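What the coordinates show
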Amino acid sequence: MKTVEWRGKPVWILRRTPDMLASLKKTDAQVADAKSERNPAEFTPEYCMNEYRSIKPEYLVAIGICTHLGCSPSTKFAPGPQSSLPDDWQGGFLCPCHGSTFDLAGRVFKNKPAPDNLPVPRHMYMGEGKLVIGKDEKGEA
Ligand code: FES
């Protein structure tokens, strides 16, 4: 995973493997807002309101700030039982502050203090390899 800074915020760019993408089907029923319908204007641009929360399924682009009180979640990509995580953990992010967990699409699990999914900033791809954060076809964020 790569982290870049945008307007003073960390933006994560995570390249997801086929296994990671498949895990999202398993977490679908466990997350609080599977379709990213809560406050889409704030958390998920319409072109990312899909099962992967992304333009290209392979790449998650999300702001790495917990929607509870703004702490920085840690990466917990390894699936399986481990400290502070459920036995059926599929890989994702853990906010150590108050235990909110997010799947590999940044979707918050049910019954956690964080009220919303990790925000996906407006972004776009220019050509094959260039990702622009904070801007899309509609203009600057
Ligand atoms: S700030 Fe993340 S769970 Fe409280």
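Everything numeric here is computed off the predicted structure, so don't read it as measured data. (Residues numbered from 1 in each chain as written. Predicted model: local features only at pLDDT ≥ 70, side-chain atom pairs only at ≥ 80, totals over all residues. Heavy atoms only, no water.)

1. Some words on the packing of aromatic side chains
Ring pairs (aromatic) are described by centroid distance and by the angle formed between their planes. Taken as a whole and assessed by the stated rule, the structure comprises three aromatic pairs. Aromatic side chains F77 and F93 sit 5.6 Å apart centroid to centroid with 80° between the ring planes, which places their arrangement in the edge-to-face category. Remark: F93 occurs in strand β5 (residues 92–94) and F77 occurs in the loop between β4 (74–76) and β5; sequence separation between them is 16 residues. Overall, F77 belongs to the partly exposed group, its relative accessible area being 27%. Ring centres 5.7 Å apart and planes at 40° place the aromatic pair W89 and F109 in the tilted group. Separated by 20 residues along the polypeptide, W89 in the loop between β4 and β5 and F109 in the loop between β6 (101–102) and β7 (123–126) bring together distant segments of the chain. (Phe/Tyr/Trp six-rings, centres within 6.5 Å; stacked < 30°, edge-to-face > 60°. Helix = DSSP H or I, 4+ residues; strand = E, 2+ residues; numbered from the N terminus. Buried < 20%, exposed > 50% of the residue type's maximum accessible area, 1.4 Å probe, protein only.)

2. Describing the state of the cysteines
Tallied over the entire structure, the rule returns one disulfide. The partner cysteine of C71 in its disulfide is C97, sulfur to sulfur 2.2 Å. The sign of the -120° torsion about the S-S bond sets the C71-C97 disulfide as left-handed. Placement of C71 in the loop between β3 (59–63) and β4 and of C97 in the loop between β5 and β6 is noted, with a sequence separation of 26 residues between them. Take C71: its relative accessible area is 23%, and that puts it in the partly exposed class. (Disulfide = S-S within 2.5 Å.)

3. Brief notes about the nonpolar core
Formed by 16 residues in total, the largest nonpolar core has its most connected members in L14, F93, F102 and L118. Counting residues per element, the ones that place at least two in this core are β2 (9–15), α1 (18–27) and β3. Top contributing element to this core by residue count: α1, with three residues. W6, V61, I63 and Y125 belong to the second largest nonpolar core, which has six residues in total. (Core = buried A, V, L, I, M, F, W, Y, C linked by side-chain atoms within 4.5 Å.)

4. What about the pattern of salt bridges?
According to the stated counting rule, one finds six salt bridges in the structure shown. Here K138 ties to E46 by a salt bridge, and the two come within 2.8 Å at their closest N and O atoms. On the criterion of sequence distance, the pair formed by K138 in the loop between β9 (135–136) and β10 (139–140) and E46 in the loop between α2 (40–43) and β3 is long-range, its members being 92 residues apart. The exposure class assigned to K138 is exposed, which follows from its relative accessible area of 63%. Owing to a relative accessible area of 48%, E46 belongs among the partly exposed residues under this scheme. Measuring nitrogen to oxygen at the nearest pair gives 3.0 Å for the salt bridge that ties R122 to D136. Here R122 is found in the loop between β6 and β7, whereas its partner D136 is found in strand β9, with 14 residues between them in sequence. Judged by relative accessible area, which is 5%, D136 ranks as buried. (Salt bridge = Lys/Arg side-chain N within 4 Å of Asp/Glu carboxyl O.)

5. Quick notes on the UniProt feature "domain: Rieske" (unreviewed entry) in the protein
When the UniProt feature table is mapped onto this chain, "domain: Rieske" (unreviewed entry) is found at residues 26–132. The distance separating the terminal C-alpha atoms of residues 26–132 is 30 Å; by composition the span is 6% helix and 19% strand. (UniProt positions renumbered as here; feature names shortened; annotations may be inferred.)

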